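# Residue-level structural notes
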Amino acid sequence: MSVLSFRNVWVEYGSKIVLEKVSLDVAEGAFVSIIGPSGAGKSTFLRLALGQEAPSRGEILLDGEPLSPEPGPDRGVVFQRYSVFPHMNALDNVTFGLDCAGSPLRGRLGGKARKAARETAKALLARVGLEHNFKTYPRALSGGMQQRLALAQALVTRPRILLLDEPFGALDPGVRLDMHGLITELWAEHRLTILMVTHDIKEAFKLGTRVVAFDKRRHDPQAPHRYGSTAVYDFPLDDKKSRVVPPVLAGLSAPSTPG
Amino acid sequence: MRRLLNARPRVGGRLLLGLLPILALVLLYLVIATARHTENPRDKITPIPAAMAAGIQTMAFEPDPRTGEVPLVADTKASLRRLGIAMGLAAATTLVLGLTIGLLPYVRASLGPLVAAISVIPPIAVLPILFIVFGLGETSKIVLIFVGVTPVMVRDLAGHVAAIPEEQIVKAQTLGASTWLTLLRVALPQALPRLIDSLRLSLCPAWVYLISAEAIASDVGLGYRIFLVRRYLAMDIILPYVVWISLLAVIMDLGLQAWSRTSFAWAHPPRNVR
């Protein structure tokens, strides 16, 4: 059963076509990596899934229902930066999702509910390795720890699908490796469905159960903006052997040359 | 020899260096005042410390026989009351307008241009209108300060709220926050330290408007007093009053700063002492 479905989705800004004829089904429990050169519409694709943007044609379905055209608690997200709230400590950052769900007026739980929420949050924080930083503000956390916090924060509301926008792009190689381990474990433990946009092809093949490459299928040298990107390659990765970057993608990581 | 731009004074030295120019100015004044006093003992323009002490004595420690109140205390109370009410109203208005204009595109589209237009009107130019509409009493003075500082504060806060990264706003929504909760728990807490900063900066023009309004139409207040005794060239009263006003302004500024640092510590990154 597919969690998220794109049916013949187009995104056009005036005469400029960004995405064309995107049809994609994300299966329950899949870890889909989205790759492609800069300007291939990866981010636009993620904005569609988030509801930050609506398609100009086609439809997007979440669990078979049309996706509401604004971000909601059914879709969690971790961005490359600014994912956590700077004015809340780690614990408050994680309980925020529970506060919103349980207290629509004050945005703060009280009494038993508050205690339960804090226990849930503490357990999640401990799971991502922040058990010593409950009271720490994001500013005092390293980049990797901030992303760990962002993951815990996104998971607390149990989203149907987790959207990751280059989540490890700004991290040091060593830290990135640790994060790869963490996200793989979380994915398995929480039975998550993940859609991850990344620049790093190796990362895409290492983490994903499926890799989708976005690029322009056709190119008009006189009017490059008239052709949009679409999913040009779709690799299901069922076994370890297939987790090698196929030679056909070697050129995709290079920046696209316009005109 | 180290480059000048790398030479740093030590903590104690920095304090001394900061005091030095102030002491030099005081000394310069004393030299001039003494010289003028020896030439003309009845000189009123640069009173010597003894004359100022006498002025302070009459204004700050002896009740006015006509009203029965100590002038400095009555003036300070009246002025601070006007300033306090005006700044309180300005802060409340700024919070409501700044948050909504900064966060909600519809409010920004409808109120943004109005606030921008009002903020370019020189407030003193509307003072006559305020006197006509609100009379010469307390209201017109408070409204002048309010009108003078609020538009700039609203624009500043709206800009600050609008600059909250889009990622945070989206993140809040993916965590189930409504418009109200995003405003209450994401925008408001991040706006408060900025509002305090804005208040600190606005206190300067606020004092200008207060003293202007008091100078033109009032019967009590710090601005009223210095403009009243100006007629008698009473520098022995004006100078202590100016020092007192500066002291009040400094205390308010430090108080607001301390409030921001204690209540919103997250907004104050530890400074690298250079």
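Note that the structure is predicted; figures quoted are calculated from it, not measured.

On to the overall build of chain A. What chain A contains, in helices and strands, is 6 helices and 10 strands. Rg of the C-alpha trace for chain A: 19 Å, near the compact-globule value of 18 Å for 259 residues, within the 12% margin. Based on the C-alpha atoms only, the size of chain A along its principal axes is roughly 65 × 40 × 35 Å. Counting across all 259 residues of chain A, residues that qualify as buried make up 41%. By sequence separation, contacts in chain A at least 24 residues apart represent 70% of the contacts at least 6 residues apart.

Along its length, chain B carries 10 helices and 0 strands. Listed N to C, the secondary structure of chain B is α-α-α-α-α-α-α-α-α-α in terms of helices and strands. Counting all 274 residues of chain B, 32% fall into the buried class.

Residue and element names in this part refer to chain B. At a minimum axis separation of 7 Å, helix H8 (residues 179-216) and helix H9 (residues 222-229) run at an interaxial angle of 55°. As far as their axial angle goes, H9 and H8 are oblique. The handedness of the crossing between H8 and H9 is right-handed. The segment H8 lies against H9, with Leu210, Ile211, Glu214 and Ala215 engaging Leu222, Gly223, Tyr224 and Phe227. Residue composition of the contact of H8 with H9, grouped by class: 6 nonpolar, 1 polar and 1 charged.

We now examine the environment of Ser38 of chain A. Mapped onto the secondary structure, Ser38 of chain A falls in the loop between strand S3 (31-35) and helix H1 (42-50). Spatially, the C-alpha atoms of Ser38 of chain A and Leu124 of chain A are 34 Å apart, while their sequence positions differ by 86 residues.

Residues Ala152 of chain A together with Ile145 of chain B are the most contacted members of the largest nonpolar core, which totals 108 residues. Dropping the residues within four chain positions of it, Ile145 of chain B is found in contact with Arg82, Leu83, Ala86, Ala206, Tyr209 and Leu210 of chain B. Counting 9 residues, the second largest nonpolar core, distinct from the first, contains Met59, Leu222, Ala234 and Tyr241 of chain B.

For Tyr82 of chain A, which is not glycine, the phi torsion reads 55° and is therefore positive. Mapped onto the secondary structure, Tyr82 of chain A falls in the loop between strand S6 (75-78) and helix H2 (90-102). With 18 C-beta atoms counted inside 10 Å, the residue Tyr82 of chain A sits in the partly exposed group. Residues other than glycine seldom take positive phi values, yet Leu233 of chain B does so here, at roughly 50°. Turning to its location among the elements, Leu233 of chain B is positioned in the loop between H9 and helix H10 (235-263).

All right, on to the pairing of S3 of chain A then. Residue and element names in this part refer to chain A. Within S3, 5 of the 5 residues are buried, which leaves it mostly tucked inside the rest of the structure. Every second residue of S3 is oriented toward a common face, with Phe31, Ser33 and Ile35 on one face and Val32 and Ile34 on the other, all of them buried. Examined bridge by bridge, S3 and strand S9 (residues 210-216) share 4 bridges and lie parallel to one another. Considered in S9, the bridge of Ile35 is made with Ala213.

What follows is about H9 of chain B. Turning to H9 of chain B, its buried residues are Leu222, Gly223, Tyr224, Arg225 and Ile226 of chain B. Looking at the packing, one finds that the buried side of H9 of chain B touches helix H3 (71-103), H8 and H10 of chain B.

Our focus in this paragraph is the pairing of S9 of chain A. Residues and elements named next belong to chain A. Counting buried positions over the 7 residues of S9 gives 6, a clear majority of the element. Across 7 bridges, the pairing between S9 and strand S10 (residues 229-236) is antiparallel. Across the sheet, Val211 pairs through a bridge with Phe235, a residue of S10.

The predicted model of chain A has a mean per-residue pLDDT of 87, with 92% of residues at 70 or higher. Contacts from residues 253-259 of chain A, a stretch scored under 50 in pLDDT, to residues over four places away or in other chains number 11 contacts.

Residue and element names in this part refer to chain A. Residue position: Leu155 is located in helix H4 (residues 143-155). What makes Leu155 buried here is the crowd of 21 C-beta atoms within 10 Å. For the pair Leu155 and Leu192, spaced 37 residues apart in sequence, the C-alpha separation works out to 9.2 Å. Apart from residues lying up to four places away in sequence, Leu155 is in contact with Gly76, Leu124, Leu186 and His190.

Residue and element names in this part refer to chain A. Between H2 and helix H3 (residues 111-127), the least distance of the axes is 9 Å, while the angle of their chain directions is 135°. As far as their axial angle goes, H3 and H2 are oblique. Both H2 and H3 take part in a crossing whose hand is right-handed. Where H2 approaches H3, its residues Ala90, Leu91, Val94, Thr95, Leu98, Asp99 and Gly102 are matched on the opposing element by Ala113, Ala117, Arg118, Thr120, Ala121, Lys122, Leu124 and Leu125. For the contact of H2 with H3, the residue count by class is 9 nonpolar, 3 polar and 3 charged.

A few words on the environment of Gly181 of chain A. Residues and elements named next belong to chain A. Within the secondary structure, Gly181 is located in helix H5 (residues 173-189). Residue Gly181 is classed as exposed on the basis of its 9 C-beta neighbours within 10 Å. Each C-alpha atom, one on Gly181 and one on Leu207, is 9.0 Å from the other, the two residues being 26 residues apart in sequence.

Quick look at the confidence of the model for chain B now. Scored by pLDDT, chain B comes out at a mean of 92, with 99% of its residues at no less than 70. This complex was scored by the predictor with a pTM of 0.87 and an ipTM of 0.88.

Basis of the calculations
Residue positions are given per chain, counted from 1 along the sequence in the order it is written. As a convention, the first chain written is A and the first ligand written is 1, with the rest following in written order. At least 70 in pLDDT is required for a residue's local features to be given in this predicted model, at least 80 for side-chain atom pairs to be given and counted, and no such filter applies to totals for whole chains, interfaces and linings, which use all residues. The numbering of helices and of strands both runs from the N terminus, where a helix is a DSSP run of H or I of at least 4 residues and a strand a run of E of at least 2. Computation of the radius of gyration draws on C-alpha atoms alone. For the globule rule, the value is 2.2 Å times the number of residues to the power 0.38. Burial in this document is a count-based property: other C-beta atoms within 10 Å of a residue's C-beta are tallied, and the residue is buried at 20 or more, exposed at 12 or fewer, or partly exposed in between, with C-beta positions derived from the backbone. Once C-beta atoms are placed from the backbone, any two residues with those atoms within 7 Å are in contact. Orientation is described by lines fitted to C-alpha atoms, with helices fitted over the stretch in contact, and by angles between N-to-C directions that extend from 0 to 180 degrees. Angle categories: roughly parallel below 35 degrees, roughly antiparallel above 145, roughly perpendicular from 65 to 115, and oblique for all the rest. Less than a right angle of anticlockwise turn of the near helix away from the far helix marks a crossing as left-handed, whereas a clockwise turn marks it as right-handed. Each residue receives one of three labels: charged for Asp, Glu, Lys and Arg, nonpolar for Ala, Val, Leu, Ile, Met, Phe, Trp, Tyr, Cys and Pro, and polar for the others, Gly being one of them. What we call a nonpolar core is a set of buried Ala, Val, Leu, Ile, Met, Phe, Trp, Tyr and Cys residues whose membership is set by joining through C-beta atoms within 7 Å. When DSSP finds at least two bridges between two strands, those strands are taken to pair. What pLDDT reports is the predictor's confidence in each residue, on a scale of 0 through 100.

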